[in-house]
Amino acid sequence: MMKARKGGIAFLTSYVSKTRTYMQQTSAQMSSASPNNGLLRKHLDRLRSSPNETILLDGGTGEELFLRGVKDDRKIWSATAIVNEEYHRILEEVHNSFIDAGSQAITTNSYGITPGVGFTDGDEVKRLVGISGEIARRAATDEALVLGSLGPQVESYRPDLIMKHDEGVKTYQ
């Protein structure tokens, strides 16, 4: 089980059968005093108040990372900025730029950190997802949400590479 990080951010890194248990454990760890919890409630109340309300999310983090000099590795995509510590500061700057431009929420740079896409070890996946959350939390202001990003099984654009259900459950456990 992964412990809640500074600021109460939590991640869902389990798949199917473990997801419910993990979510319950993670929710129990998050205190009601967590800045992200209160801020999330504030945004949800605002969104429910009117059909005209919106929440502005961040933009194309991966492309922005590449524009700022992060190596373009098409296998692990923008996860390069998590795997290589030399790029952590650039990632934090990208998060800050989205907030400065008016984003009310930023997503962790964890979309590409999934089993089968350059990452095979579940402990490695959890560690890297944790780092992505820590970087996002450092960048977040009191008014910006940090949302976890859980990528798909193996490939977004290649349905022929998607694992069978039973294989996916074994891989993501």
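Just so you know, these numbers come straight off a predicted model, no measurement behind them.

Let us now look at the overall build of the chain. Helix and strand content of the chain: seven helices and two strands. Of the regular secondary structure in the chain, the N- to C-terminal order runs α-α-α-α-α-β-α-β-α. Contacts in the chain between residues at least 24 apart in sequence constitute 66% of all its contacts with a sequence separation of at least 6. A total accessible area of about 9800 Å² is found for the chain, and carbon and sulfur atoms account for 51% of it.

On the secondary structure map, A144 appears in the loop between helix 6 (122–139) and strand 2 (145–147). Considering only alpha carbons, one finds A144 and I99, 45 residues apart in sequence, at a separation of 7.1 Å.

With that out of the way, let us pick up the pattern of salt bridges. One pass over the full model with this rule turns up seven salt bridges. Among the salt bridges present, the one from R68 reaches E64, with a minimum N-O distance of 2.8 Å. You can call E64 partly exposed: its relative accessible area is 23%. Here the salt bridges do not stand alone but share partners, grouping R89, E92, E93 and R138 into one network.

With that settled, the discussion passes to the confidence of the model for the chain. Averaged over the chain, the pLDDT score is 77; the fraction of residues at 70 or greater is 72%. Per-element mean pLDDT across the chain ranges from 41 in helix 1 (residues 19–29) up to 97 in helix 5 (residues 88–100). Note that pLDDT drops below 50 for residues 1–33; the model gives that stretch 58 contacts with residues more than four away or on any other chain.

Let's shift gears to the environment of M163. Within the secondary structure, M163 sits in the loop between strand 2 and helix 7 (165–172). What makes M163 buried here is its relative accessible area of 13%. Distance from M163 to G116, taken between C-alpha atoms, is 9.4 Å for residues 47 residues apart in sequence.

Evaluation of the coordinates by the stated rule reveals one aromatic pair. Aromatic side chains F66 and W77 sit 5.1 Å apart centroid to centroid with 85° between the ring planes, which places their arrangement in the edge-to-face category. Note that F66 is positioned in helix 3 (residues 61–67) and W77 in the loop between helix 3 and helix 4 (80–83), a separation of eleven residues in sequence. Residue class for F66 comes out buried when judged on its relative accessible area of 14%.

One can describe the packing of helix 5 onto helix 6 by two numbers: an axis separation of 9 Å at closest approach and a directional angle of 45°. Classified by the angle between their axes, helix 5 and helix 6 sit oblique to one another. As helix 5 packs across helix 6, the resulting crossing turns out to be right-handed. Across the interface between the two elements, H88, L91, E92, H95, N96 and I99 from helix 5 touch I131, I135, A136, R138 and A139 from helix 6. When the residues that make up the contact of helix 5 with helix 6 are grouped by side-chain class, the tally is six nonpolar, three polar and two charged.

Parameters at a glance
- All residue numbers refer to position in the chain's written sequence, counted from 1.
- The model is predicted, so local features are restricted to residues of pLDDT at least 70 and side-chain atom pairs to those at 80 or more, both for listing and for counting; the totals for chains, interfaces and linings are taken over all residues.
- The side-chain numbers reported here are obtained from all heavy atoms of the structure, hydrogens and water having been left aside.
- Helix numbers and strand numbers start at the N terminus; a helix is a DSSP run of H or I with at least 4 residues, a strand a run of E with at least 2.
- Residue contacts are counted whenever heavy atoms from the two residues lie within 4.5 Å of one another.
- Accessible surface is estimated by sampling points in the Shrake-Rupley manner with a 1.4 Å probe; for residues, cover comes only from the protein chains shown.
- Salt bridges are counted wherever a side-chain nitrogen of Lys or Arg sits within 4 Å of a carboxyl oxygen of Asp or Glu.
- Burial classes follow relative accessibility: with a 1.4 Å probe on protein chains only, a residue under 20% of its type's maximum area counts as buried, one over 50% as exposed, and anything between as partly exposed.
- A residue's pLDDT is the confidence the predictor assigns to it, expressed on a 0 to 100 scale.
- Geometry of aromatic contacts follows a simple scheme: Phe, Tyr and Trp rings, the Trp one being its six-membered ring, pair when their centres are within 6.5 Å, and the pair is stacked under 30 degrees between planes, edge-to-face over 60, tilted otherwise.
- Orientation is described by axes fitted as lines to C-alpha atoms, over the contacting stretch for helices, and by angles from 0 to 180 degrees between their N-to-C directions.
- In this scheme, roughly parallel covers angles under 35 degrees and roughly antiparallel covers those over 145, while 65 to 115 is roughly perpendicular and the rest are oblique.
- Rotating anticlockwise by less than a right angle from the far helix to the near helix defines a left-handed crossing, while the corresponding clockwise rotation defines a right-handed one.
- For this scheme, ten residues count as nonpolar: Ala, Val, Leu, Ile, Met, Phe, Trp, Tyr, Cys and Pro. Four count as charged, namely Asp, Glu, Lys and Arg, and the remainder, Gly too, count as polar.

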